Amino acid sequence: MSKPLAGIRVLDLTNVLAGPFCCHQLAHMGADVIKVETPGSGDLARQLGADPELNKAHMGVSFLAQNAGKRSISVNLKHAEGKQVFLRLVREADVLVENFRPGVMKRLGLGFDVLREHRPDLVYCAISGFGQDGPLKDYPAYDQIIQGMSGVMSITGDPQTAPYRVGYPIADTIGGMTAAFAVAAALAEKPRTQARFIDVSMLEATMATMGWAVSNFLVAGRTPGPMGNENITASPSGTFQTGEGLLNIAANKQEQFEALCRVVGREDLIAHPDYAERHARLRNRFALKAELESALSARGAQAWWPLLTQAGVPSGPVYTVEQALAHPQISERGMVANFVDVPGVGRDVRLVRTGFKLDGEAPAVDSPPPMLGQHSDELLAELGYGADEIRRLRDGGAI
């Protein structure tokens, strides 16, 4: 499969999740992603994850998840000769992605204004918690901090439990996806004759995905609040207890509500004054839910799901991660890659790819996540360094 970003070289200076996730997307689209890491430690994610032995080996599960297909070079950006190595890399690159706090690259003498002198059409993407300016620009920010400050936590959970954090690092992931989109858009510019500086704020990127909740406040003056598993715009729409297991039902249209009532044997609810009309159902959502759950108790979720789907009522079971991965819809579409006997790990590693297909194929990378500095000699040789020079750089602490 030909890949849209083949021939594009990306320097990945990022750590943990937002930046690595961005570059993970670019790698799957064919970019040559070079992970520039600090000698000895590398990406902090190398030490994170559920397997302590892999953390000790600097191949933590958190690192493995977002770094397949990349090459790793360790460079000391505080070392004079290390900076020269880095500048050579920049001259050969199309894109640079970093997620340091604002000002770190400039203090290293490697800020945007310096780098564009070495690569005049460089696409420079800086990902940070709050952006490159504003009163909070120097504040540290992790995913949970952004979830709290964006309002995400305030609308997650139900009125008795909120605020709750989303169960995975959604703000980091959204920040990375936003960055990947912005980078791809900048690369599409024709002709690309000038350097571009992309400033990704995780806070703003997260809030941009909250369109309905934010717009209800901005346009309608309604402050959003936690609704648990209920849908703020429709009823019956949410999670329902069945005779066995939970079932998500989204009967958002009048005809879907009526079909639901017929399938569960409660046709009487269709004309009931408390439920017959959309806004009446919203006012009486919990009473309606109790009526429907009483009917749904006759069968389990796995039995109701196909019946409702056949009747045109959107529905689906509530799965664990393990169950979702095992389902043929995931397992048979190429979503999961398998890398055999990964160096530094000592066993096979299964990882998720991207969430789309290109011309009927799931984008894939050829190589597993790299060990720290695994490709240093290879990349330095590509830049024109000889074996003696590489040895001297290593002995001097530049790499």
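So, how was this worked out
Residues numbered from 1 in each chain as written. Predicted model: local features only at pLDDT ≥ 70, side-chain atom pairs only at ≥ 80, totals over all residues. Heavy atoms only, no water. Pairing = 2+ DSSP bridges. Helix = DSSP H or I, 4+ residues; strand = E, 2+ residues; numbered from the N terminus. Axes fitted to C-alpha atoms, helices over the stretch in contact; angles between N-to-C directions. Contact = heavy atoms within 4.5 Å. Parallel < 35°, antiparallel > 145°, perpendicular 65-115°, else oblique. Left-handed = near helix turned anticlockwise from the far one by under 90°. Nonpolar A, V, L, I, M, F, W, Y, C, P; charged D, E, K, R; others polar. Buried < 20%, exposed > 50% of the residue type's maximum accessible area, 1.4 Å probe, protein only. Core = buried A, V, L, I, M, F, W, Y, C linked by side-chain atoms within 4.5 Å.

Caption draft 1: Representation of the sheet that holds strand S1 (residues 9–12). If you trace the six strands from one edge of the open sheet to the other, you get S3-S2-S1-S4-S5-S6, paired in parallel fashion. With partners counted over all chains shown, the strands left at the sheet margins are strand S3 (71–74) and strand S6 (196–201), one partner each. Each strand axis lies, on average, 20 degrees off the axis of its neighbour in the sheet, ignoring direction. Alignment of S1 against strand S2 (residues 32–37), held across four bridges, turns out to be parallel. Opposite aspartate 12, over in S2, you have lysine 35 as the bridge partner. Contacts from helix H1 (residues 18–28) reach S1, S2, strand S4 (95–98) and strand S5 (123–128) within the one sheet, and its direction differs from that of S1 by about 165 degrees.

Caption draft 2: Expanded view of the packing of H1 against helix H8 (residues 170–187). One can describe the packing of H1 onto H8 by two numbers: an axis separation of 7 Å at closest approach and a directional angle of 45 degrees. Viewed along their axes, H1 and H8 adopt a mutual orientation that is oblique. Note on packing geometry: the crossing formed by H1 with H8 is right-handed. Touching Ala18, Phe21, Cys22, Gln25 and Leu26 of H1 are Asp172, Thr173, Gly176, Met177, Ala179, Ala180 and Val183, all from H8. Looking at the contact of H1 with H8, its residues break down into eight nonpolar, three polar and one charged.

Caption draft 3: Quick peek at the pairing of strand S11 (residues 349–352). Only one face of S11 is covered, namely the one carrying Val349 and Leu351; the face carrying Arg350 and Val352 has none of its residues buried. Judged from the four bridges that link them, strand S10 (residues 336–339) and S11 form a sheet pairing that is antiparallel. Residue alanine 337 lies in a different strand from S11, and its bridge partner there is leucine 351.

Caption draft 4: Focus on the nonpolar core. Counting 42 residues, the largest nonpolar core has Val10 and Ile127 as the members making the most contacts within it. Residue contributions to this core peak at seven residues, all from H8. Among the nonpolar cores identified, the runner-up in size contains 31 residues, and Ile73, Phe86, Ala195 and Tyr385 belong to it.

Caption draft 5: Region of interest: the environment of proline 368. Here proline 368 is to be found in the loop between S11 and helix H17 (376–382). A relative accessible area of 24% places proline 368 in the partly exposed class. Separated by 301 residues in sequence, proline 368 and asparagine 67 have C-alpha atoms that sit 7.7 Å apart.

Caption draft 6: Just the packing of helix H7 (residues 143–150) against H8, in detail. Viewed as axis vectors pointing N to C, H7 and H8 meet at an angle of 90 degrees, and their least axial separation amounts to 7 Å. In this view, H7 runs roughly perpendicular relative to H8, as classed from their interaxial angle. On H8, the residues touching Asp143, Ile146 and Gln147 of H7 are Ile170, Ala171 and Asp172. Taken together, the residues that form the contact of H7 with H8 break down as three nonpolar, one polar and two charged.

The analysis is restricted to geometry; functional conclusions fall outside its scope.
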